[in-house]
Structures are given as C-alpha cells and as structure tokens.
Amino acid sequence: MEAQQKADQNSGVDSQTFESDIVILGGGLGGLLCGALLSKEGFIVHVLEKNKQAGGSLQSFSIHGQRFESAVHYIGSMAPGQTLHQLFNYLGILDELDLQALDTACFDEIRIDDASYALPQGYIRFEAVLSEAFPAEVHGIQEYIRYMQYVCRHFPMYNMEVGDAGLKQKVSYESLQSVLDRLFVCDEIKAVLCGHHLLYAGAPQDTPFYLHALIQNSYIEGSYKFKSGSARLTKALCKQIQHAGGRVFRNTEVILLHENEGNILGAESRKGDFFKARHMISSLPPGLTYELLNSTRIKPVTKKRLANLPHTAPALMLNLVLQPKQIPYRNYNIYCHQDVEVWKDLIQPTKNHYHSLALFFYEDKVHKGWASAMSVLAYTSYSDWKEWEQTYHTTSDTSGRGGSYLKRKEEVTQQLIQQLRPHFPELNQQILYSDLCTPLTYRDYLAIPEGSLYGFKKNVHDLASTNFATRTKLKNLYLTGQNINLHGVLGVSVTAVLTCAEIIGLEDLVRKIRRASSHLV
C-alpha cells in the first residue's frame, strides 16, 4: 500500500519508458558486478542508482584535494589465482584497477595497550611470526590455521568452485568465541587474531567462526588496496555495462515494482519513468526491496521480520588531511585497542570514548614515503545520533542537519583525535583539515539502516534468519548484495556470481571464469 501511495504522488510529466533485458536496482558493487557479468553474456542491462554517484561503498570523495575512501580501504583474495583476481581478470578490468599489494611482512598491525603485533601475508610467515610472539601457543596456532583452511574449503564459491551448496552447513555451527577458547589459553593471542574484527563488527559469542575464517583467510592469502581509489572499480564496471549497450541511470530512485501473477513487469522511478525488463535484480537490502512491492507473494510477516533483524553496529569514519612530510606512510593498516577486550565497543558502546580504532593511510603523491592523509574507523551507538534521524543529506539533496549536529560532530572529532595522541603525539599540529562521516552519512549515501557498514548481524545461534537465497518467490526477481551471504568486496562479488547464475547457469559461468585465469596461476 505504501509503495502504491508513493507512485500515486508522481506527476507523470515527461515520463519515459526504457526497455532492457535486465534491470538492476542499486548501483553499488553487487549491482554493478551483476551488470558487468551479464553484459559480458550479451544481455542489455539497465542499472538504477538513486544517488548522484554510483558505486555504493566503492565511492571515493575529495577533501581539500585529498581523495578518501568511503569504506573500502583494502581487499583480500587478490593475488593471482585467488577468487577476486580470477573474477576481475575474467571481466578484463585488472589493468584498470591500479592495485597495490600491502606489505607482505605486515598487512595489519594489531596494537593492544603498549604491545604491537604484525599479521603477515602467507601462511608460513603467519605461523612463524605468531609462534615467535606466543611460544606457549604454538600448537593452538597450528590448529587455528588448519581449522581455518578446513572451514574455508567448505564454501565452494568462496574458492570459485562449483560444489555442494549444503557443504557449509557442516562448519557453520561454532561461534568464534568457542573455537578460540578451545584452541588457546592466552587472552592476548585471541585478541591479536581478532584485532581487525572491525572488518565484520560482530560479537565473539554470536559471530560464526566461519565469518572470521573467510575474512582472515582472504587477507592472509592476498591483501591489496586500490592505489588510486576503489572508485576505479566502479568506473571499470560501468564501462563494461555501457560498452555492451546498457546504461547506468543515476539520480534514479525506484519507488514501485510492478508485478503481475508473480512476475515483475518493471520498476517505476520517483520521476515517473518506467523501466521494463525480463529479469529484475535488487542489490538493496531484502527489506527495502520488498517494501517496493505490492505482492501477496511476500507476506507481511516476512516484511516485519526483516524490519526487525538486528544490523551490525553503526560506524564513524574520521578523515584527516595531514601536513606534508610529518607522518610516515604505512603500507599496512593499524588497529589500536586499549586492552585485550577488543570487542568492547561492539558489545557495549560508550558515548565520547572509543575502545578500538582502525587506521588507514594514504601516501603523498609528491613526497613518497610520507602520509598525505589518514582515515580512522570507530563504532558508535545509533542512539547517539537519533536526534537527527529525520534529516537527510547527500550531494543530490543538500539539506542541512543543523548546528547541534555540527557541534556533536566536532565533539566526536576531538575525542577521536585525543585518543590517537598516544600513537601520534603531535597530531593536532599535523592536521590541515578534518571531516567526520557519521552513521547518518552512511545511511543516506549507502541506503543502509542506521549506518551499519556490514548489513545484517550474523548470529551463529540463528543463522537461518540472516541467510537469504538469491532467488525470491517471484519468478524473475533476484537478490544480491552484502546482506545475502557475506559482506565485503569478496563476499559481495561471490554473491553476484551466484545471482547471475540464476539467469545464465552456475557451472558454465564458473568454468569461464576459471578458464580465463588458468594461464596466470
């Protein structure tokens, strides 16, 4: 009913009808990757993006001439032969991405109080470094690696293989906490292994071990960054779609999906345009997708359940433009925790104090070896920002949130800078400009409830509630995106392959992807 009311508000003046083989809702990574894969198969694809800029979490933006990432600061599984490398090679876009490997001796530095630990790439080095730091835990480290690799082998598509879809059920029942407690005695090593848990924002007793394993494994095997920005991936995927005769429509918000007897006929935009297609793919969260439908196939109880599912914690991102030649550039990331309780901010957020921070660095193009900027990731409570919940702000809609919001942003900015001082004592004098992205920023730009970077919170005790099939109860409507299987560039990419396979067949698609990379391994 609500979707129909929105449609009725349109004037219909100067509206147009566009026809294609496939319409995709949402121009984030999931939608664009589906569009590029299907375009390569000969389909005409129209991607509908509500914002001025496509890319979703891949968006970059500029502050005082300095480029910053919205969310994607580094990716895993990018070494030759690994899943993302295979996929991007198949699409023929590797050379356009300007990828840079992170330091092999340390892709992530984990700081716990005054102690520092390097997580290196490659399992031999990974085991050796941790065993030297924790000699009493050598057996547990070996078992941790063995079990992590064993778990990863139970997810065929994660390895770009066709296998039993039910295989993962055998390794999905253990929580991260239970595995760590079984393997280790020392709390410090547990904290080190989970030191970059800000990448999935869970809680140890609820987070499935497989989620941790899939993410950790991907970075150990191949940690890379987009040297010139993750927006290059957006540009490459859009170009693929356009070269095949498709289009990416920006500033195009879909307000209604038209359906007849379980078949989607097309999508109606707020401007009154109609996008007709044989197949419809939505990369929006499932709940938002179903709110666009007036279909008896999707029960009200389903919509209610989706609306009540918990999301991962809301994020803050402080972006700092630095004075030249003041802070050395790190070709790795730093995760700072005040003590071994590395999960504290996600379990019990505290206003005006942040137990854990993640630091990402940008190299100065002129003064090599020095950082031109850095981004600081922290987690917060949505209740801290609820006062401004009814406001909205993007580059397309520049409505302000008011002076009280700006004051709150400045308070948080100064608190984060103060907590960085033990690591960078003279930071105040080294900052040229600062800008804070709040949960409302992420909500408005990425269409994610409450500014949650990673979508639905995975709970090992109730996995069925947050696992979704790519096929829906409507004949030609499919789902993709971070809420379906796994978040992150790798998780969303694997899901995009599965979504496209509903239309073109999985075995044939995987064979083509693997064959294209066979000579590179």
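So, here is what we can say about the structure in this document. Note that this is a predicted model, so its numbers are computed, not measured. (Residues numbered from 1 in each chain as written. Predicted model: local features only at pLDDT ≥ 70, side-chain atom pairs only at ≥ 80, totals over all residues. Heavy atoms only, no water.)

1. Remarks on the pattern of salt bridges
- Using the criterion set out here, one finds 18 salt bridges in the structure.
- The shortest N-O distance in the salt bridge between Glu502 and Arg471 comes to 2.9 Å. Taken together, the positions of Glu502 in helix α16 (residues 488-504) and Arg471 in the loop between α15 (439-446) and β18 (477-479) put the pair 31 residues apart, joining distant regions of the chain.
- Judged by relative accessible area, which is 42%, Arg471 ranks as partly exposed.
- Counted as one network, the salt bridges with shared partners bring together Glu41, Asp508, Arg511 and Lys512. (Salt bridge = Lys/Arg side-chain N within 4 Å of Asp/Glu carboxyl O. Helix = DSSP H or I, 4+ residues; strand = E, 2+ residues; numbered from the N terminus. Buried < 20%, exposed > 50% of the residue type's maximum accessible area, 1.4 Å probe, protein only.)

2. Here we look at the side chain of Asn476
- Within the element layout of this structure, Asn476 appears in the loop between α15 and β18.
- Overall, the relative accessible area of 4% leaves Asn476 in the buried class.

3. Some thoughts on helix α13 (residues 403-420)
- Helix length check: α13, at 18 residues, gives a terminal C-alpha distance of 26 Å against a target of 26 Å (1.5 Å per residue), a fit within 8%.
- Along α13, the residues classified as buried are Tyr405, Arg408, Lys409, Val412, Thr413, Gln415, Leu416, Ile417, Gln419 and Leu420.
- In this structure, the buried side of α13 is in contact with β13 (315-322), β15 (356-363), β16 (371-379), α14 (427-430), β17 (431-437) and α15. (Expected span 1.5 Å × (residues − 1). Contact = heavy atoms within 4.5 Å.)

4. What to know about the sheet that holds β13
- A sheet is described by the order of its strands in space; here 7 strands give the open sequence β7-β6-β14-β15-β16-β13-β17, paired in mixed fashion. The open sheet has two free edges, formed respectively by β7 (115-119) and β17, since each of these has just one partner strand. Mean inter-strand twist for the sheet, computed between neighbouring axes without regard to direction, equals 20°.
- Where strand β14 (residues 333-337) meets β15, 4 bridges bridge the pair, whose relative direction is antiparallel. Paired with His337 across the bridge in β15 is Ser356. (Pairing = 2+ DSSP bridges. Axes fitted to C-alpha atoms, helices over the stretch in contact; angles between N-to-C directions.)

5. Regarding the pairing of β7
- Here strand β6 (residues 108-112) pairs with β7 via 5 bridges, running antiparallel. From the neighbouring strand, Glu109 faces β7, where its bridge partner is Ala118.

6. Structural notes on the environment of Tyr329
- Looking at where Tyr329 falls in the secondary structure, it is placed in the loop between β13 and β14.
- A relative accessible area of 15% places Tyr329 in the buried class.
- Taking C-alpha positions, Tyr329 is 26 Å from Leu453, a pair spaced 124 residues apart along the chain.
- Excluding its chain neighbours within four sequence positions, the residues that come into contact with Tyr329 are Gln100, Lys225, Phe361, Tyr362, Glu363, Gly369, Trp370 and Ala371.
- For Tyr329, the side chain forms a polar contact with the side chain of Asn331, separated by 3.3 Å. (Polar contact = N/O pair within 3.5 Å; in protein donor to acceptor, adjacent residues only side chain to side chain.)

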